[in-house]
Amino acid sequence: MAETSDFSTYRYPDEHGRFGPYGGRFVPETLMPALEELETAYLQAHSDAAFQAELTRLFQTYVGRPTPITHARRLSAHLGGAQIYLKREDLAHSGAHKINNALGQALLVQRMGKRRIVAETGAGQHGVATATAAALLGIDCVVYMGTVDMARQAPNVFRMKLLGAEVRGVDSGSKTLKDAINEAIRDWVTNVRTTHYLLGSALGPHPYPTLVRDFQSVIGREARRQLLDPAAGGPGRLPDAVVACVGGGSNAIGVFHPFLADEGVRLVGVEAGGRGIQSGEHAARFADPLVSRLGVLQGTKSFVMQDADGQIALTHSVSAGLDYASVGPEHAWLRDLGRSTYTYATDAEALAAFKLLCEMEGIIPALESAHAVAEVIKLAPQMGRDAVILVNLSGRGDKDLDTVMREIG
Amino acid sequence: MKRTGVERIQAAFAKAQAEGRAAFMPYQMLGHPTLEASPAIIQALAAAGADLFELGLPFSDPLADGPVIQAAGQRALENGATVERCLALVQELAAAIPHIPFCLMGYINPLLAYGLARFVADAAAAGADGLIVPDLPPDEPEAEELSALCRQHGLATVFLLAPTSTAERIRLGVARSQGFVYLVSVAGITGARERLPDDLAAFVQRARAEAQRQAPGRPLYLAVGFGISTPALSAQVAQIADGVIVGSALVKLAEQSGDDPAQAVASFAAELAQAARRSPDGRGQAAGLS
């Protein structure tokens, strides 16, 4: 493992779209010109003050940014250790951090002159965010969703339809997020001249991991400023640890990135432990070297859960948004560099955390975010009362009520 | 001296050209519809006039493929068609039909899992002649690694070009391909279509001009695939390209033809191969397509 202590000069990806050995562009040739066009458009937009001003305006006047941080006093006291601060992405318009990236990319779509977007969704949060951005900007929107996920996230399916999106069920493979991405990419290959693929996580071929990270980094920038500022409800200091759940890893990379150069801040990603690592039914890509190895899935090189023959493994998580066989390439790289660490929470631990946050703080978290809370429940008691943990509460849990009712009644 | 895979591929195209036709290159998914029927179908296709073969290695998440080849891959996996079993089938076929070159088409992840160096060595030893990896563009470092390995073993690396490819990408794909370049007829995934896109002839012409520009004497052929499902479409493509690749239509027939898929596939393939013979005024008709 490489060790780099100075992250103030961290500049990834490289010119080939690589984060060390991870990332790249593993797609059919038909899509390569579209990726090159997207990269060019993004680089121009990134340094265009007018684009950034428009995005900021929408963040403030439409999304409701900055989202606050909340000092979880009762939870902190209950756990008897570190002071826990929640970054309230659940309060962002449409209910999760996904809107940050959806709006950013939708503005890029306008700039590129395309009129149609396709997207995949697992938990439905990215699909809802994309449908929302498409409605706001008047762009046609098709969302692909595995039929298993449609069943467990029915309210979000209805939301997308209300917002004017067409939701197409995907019946292939495990009928979850991975299969929805396959179908979205197939649609994109076929309609690439008029269509943009609005990928929702820090995954996929270059430049997606980078532009999703950049659009989501608003989370970490705000949280860092708020923690340092007592007037914003912060403790007036940097946190000792930042904790976030990791499916593809977009909320985690967004909250981690602005803290990379802060040496004393531990960055902890929490994967879906499902029914436990031993069971084989999980989505903990960093925790199970027996089934998770370096590979390529859906355009990017990273850790991939697969069998000995390189066929992609089925994954399981109680939360649809974490139920994916690979993980964003930059997470793999930050882990190699020793800058972030990854652990997991099982379905049962996430459900217990879900319940505890409801009861202690009056906040119903998304099941995805509950995985991060589950890690905080383990971590906080080991730390002193003056220690600070920031946990990214990436989304709200209304969409998960049916699942939770089934699981814990 | 034994000819390399690149030379065998070139010879197959040259022979078709000398006979006034486009080379006919059927696709089959190895291990589909069953491990036993798969080699029988491929041998029947050889007898029906195949000049080269494109043989698919199944993958769980084939994002360049339409429903027919997705389902075939899924079935092949259920039949136990691992990379190792597929290479064993290739070895069996290479012994049975030694005069016809085989290009393997497989997605990158199973090849990485097998190990690129080990895969190329074993594929060459089994009798494969070329390699097509649809989710590995020529500019990724892994493509350079694969090309170097293939050169060591005389295997052709074949890259794909699409109607969306820019001049720069056509330059790259032509430069890195050996034996032939795989021209994707249409922006999209594999699967039958009713007609060819209007811009196909112009696209083939752009690729041909680039091949001529780079190395006028180099035997690099242009084969067109994706969506070619009928003898009529095969005939149209034969007027403008050096090779016609037919996949989904034949795979579907193999799936649906009950007890004797080999016979059904072979008789349809014979029609496709016949259609790939050019009309007397040959390429002159290409203009009619554009």
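Placed above this text is the structure.
Chemist: Sorry, what's going on with the overall build of chain B here?
Modeler: Scanning chain B for helices and strands turns up 13 helices and nine strands. Taken over C-alpha atoms, the radius of gyration comes to 17 Å for chain B, in line with the 19 Å a tight globule of 290 residues would show. Counting only residues that meet the buried cut, chain B has 62% of its 290 residues in that class. For chain B, the proportion of contacts with a sequence separation of at least 24, taken over those separated by at least 6, is 75%. For chain B, the centre of its 22 positive side-chain charges and the centre of its 29 negative side-chain charges are spaced 7 Å apart.

Chemist: Honestly, the overall build of chain A in this entry has me stumped. Any pointers?
Modeler: Within chain A one finds 14 helices and 14 strands. In terms of C-alpha radius of gyration, chain A reaches 19 Å, essentially the compact-globule figure of 22 Å for 409 residues. If you line up chain A on its principal axes, its C-alpha atoms span 55 × 50 × 45 Å. Expressed as a percentage of the 409 residues in chain A, the buried residues total 66%. Sequence-distant contacts in chain A: of pairs separated by 6 or more residues, those separated by 24 or more amount to 73%. Here chain A contributes 40 positively and 45 negatively charged side chains, and the mean placements of these two sets differ by 3 Å.

Chemist: So what exactly am I meant to see when it comes to the layout of surface pockets here?
Modeler: Gaps between atoms show up when a probe of the same size as a water molecule is rolled over them. All names here are of chain A. Space inside the largest pocket adds up to approximately 770 Å³. Lining the largest pocket are 32 residues, with Y42, H46, D214, S217 and R221 positioned closest to its centre. Mapped onto the lining of the largest pocket, the elements with two or more residues apiece are α1 (32-46), α2 (49-63) and α9 (208-228). Among the elements that line the lining of the largest pocket, the one with the most residues is α9, at nine residues.

Chemist: Explanation requested: the environment of P13 of chain A in the structure shown.
Modeler: Residue and element names in this part refer to chain A. Inspection of the secondary structure assignment puts P13 in the segment before β1 (18-19). With relative accessibility at 19%, the residue P13 sits in the buried group. Taking the C-alpha atoms as reference, P13 lies 8.9 Å from P209; in sequence the two are 196 residues apart. Beyond its immediate sequence surroundings of up to four residues, P13 is in contact with R18, F19, H206, T210 and R213.

Chemist: What should I look at first to understand the sheet that holds strand β3 (residues 102-105) of chain B in this one?
Modeler: Backbone hydrogen bonds hold the strands of a sheet together, and the pairing may be parallel or antiparallel. Residues and elements named next belong to chain B. Reading across the sheet, the nine strands line up as β5-β4-β3-β2-β1-β9-β8-β7-β6 and stay open at both edges, with parallel pairing between neighbours. Looking at which strands have only one partner, the edges of the open sheet turn out to be β5 (156-158) and β6 (160-161). Bridging between strand β7 (residues 180-184) and strand β8 (residues 221-225) involves five bridges; their strand directions are parallel. Paired with V184 across the bridge in β8 is G225. Across the sheet, helix α1 (residues 5-18) lies against β1 (23-29), β3, β4 (130-132), β5, β7, β8 and β9 (243-246), angled at about 80 degrees from β8, the strand it touches most. Sitting on the sheet, helix α2 (residues 37-47) touches β1 and β2 (53-56), and the angle it makes with β1 is about 170 degrees.

Chemist: How should I be thinking about a nonpolar patch on the surface in this particular structure?
Modeler: Residue and element names in this part refer to chain A. The grouping of F158, L162 and L163 at the surface amounts to a nonpolar patch, some 310 Å² of accessible area in total. Examined against the element boundaries, F158 turns out to sit in helix α7 (residues 154-162). You can call F158 exposed: its relative accessible area is 54%.

Chemist: In this structure, what is going on with the environment of A44 of chain B? I would like to understand it.
Modeler: Inspection of the secondary structure assignment puts A44 of chain B in helix α2. With near-sequence residues (within four places) excluded, A44 of chain B lies in contact with A262 and A266 of chain B.

Chemist: What should I look at first to understand the packing of helix α3 (residues 67-78) of chain B against helix α11 (residues 248-256) of chain B in this one?
Modeler: Helix-helix packing: each pair is described by the crossing angle between the helix axes and the interaxial distance. Residues and elements named next belong to chain B. Two elements in contact, α3 and α11, have axes whose closest approach is 9 Å; the angle formed by their N-to-C orientations is 50 degrees. In this view, α3 runs oblique relative to α11, as classed from their interaxial angle. Crossing of α3 against α11: the hand is left-handed. Residues V68, I69, A72 and R75 of α3 pack against S248, V251, K252 and E255 of α11. Looking at the contact of α3 with α11 residue by residue, the class counts come to four nonpolar, one polar and three charged.

Chemist: What should I look at first to understand the side chain of T346 of chain A in this one?
Modeler: Residue and element names in this part refer to chain A. Position of T346 among the secondary structure elements: in strand β13 (residues 340-346). A relative accessible area of 17% means that T346 is categorised as buried. Other than its neighbours up to four places away in sequence, T346 contacts G273, G274, G276 and H371.

Chemist: Looking at this structure, how should I read the sheet that holds strand β8 (residues 195-197) of chain A?
Modeler: Residues and elements named next belong to chain A. In spatial order, the strands read β7-β6-β5-β8; together these four strands make up an open sheet with parallel pairing. Two strands close off the open sheet at either side, each with one partner strand: β7 (166-170) and β8. Strand-to-strand twist across the sheet, computed as the mean angle between neighbouring axes with direction ignored, equals 25 degrees. Inspection of the sheet shows strand β5 (residues 116-121) paired to β8 by three bridges, in the parallel sense. Note on β8: the bridge partner recorded for V118 is Y197.

Chemist: Any chance you could explain the interface of chain A and chain B here in plain terms?
Modeler: Interface extent is often summarised as the accessible area lost during association of the parts. Between chain A and chain B, the residue contacts involve 34 residues of the former and 40 residues of the latter. For the pairing of chain A and chain B, the buried interface totals around 2,900 Å² over both sides, and the portion due to carbon and sulfur atoms is 50%. Connecting chain A to chain B are seven salt bridges. Here E29 of chain A ties to R169 of chain B by a salt bridge, and the two come within 2.7 Å at their closest N and O atoms. Remark: the boundary between chain A and chain B carries 21 residue pairs in polar contact (both at pLDDT 80 or more). Listing elements by their share of the side of chain A that touches chain B, those giving two or more residues are α1, α8 (177-190) and β11 (292-297) of chain A. If one sorts the elements of the side of chain A that touches chain B by residue count, α8 of chain A sits on top with eight residues. Taken together, the residues that form the side of chain A that touches chain B break down as 12 nonpolar, 10 polar and 12 charged.

Rules used throughout
- Residues numbered from 1 in each chain as written.
- Chains lettered and ligands numbered in written order.
- Predicted model: local features only at pLDDT ≥ 70, side-chain atom pairs only at ≥ 80, totals over all residues.
- Heavy atoms only, no water.
- Helix = DSSP H or I, 4+ residues; strand = E, 2+ residues; numbered from the N terminus.
- Rg over C-alpha atoms; globule rule 2.2 N^0.38 Å.
- Buried < 20%, exposed > 50% of the residue type's maximum accessible area, 1.4 Å probe, protein only.
- Contact = heavy atoms within 4.5 Å.
- Lys, Arg positive; Asp, Glu negative; His and termini not counted.
- Charge placed at Lys NZ, Arg CZ, Asp CG, Glu CD.
- 1 Å grid on protein atoms, 1.4 Å probe; cavity = no way out; pocket = protein on both sides within 12 Å on 5 of 7 lines; lining within 4 Å.
- Points joined across faces, edges and corners; volume = space filled by probe spheres on them.
- Pairing = 2+ DSSP bridges.
- Axes fitted to C-alpha atoms, helices over the stretch in contact; angles between N-to-C directions.
- Patch = residues over 30% accessible without salt bridge, like charges linked within 9 Å, V, L, I, M, F, W, Y side chains within 5 Å.
- Areas by Shrake-Rupley, 256 points an atom, 1.4 Å probe, with all protein chains shown as cover.
- Salt bridge = Lys/Arg side-chain N within 4 Å of Asp/Glu carboxyl O.
- Parallel < 35°, antiparallel > 145°, perpendicular 65-115°, else oblique.
- Left-handed = near helix turned anticlockwise from the far one by under 90°.
- Nonpolar A, V, L, I, M, F, W, Y, C, P; charged D, E, K, R; others polar.
- Buried area = accessible area lost by both parts, 1.4 Å probe.
- Polar contact = N/O pair within 3.5 Å; in protein donor to acceptor, adjacent residues only side chain to side chain.

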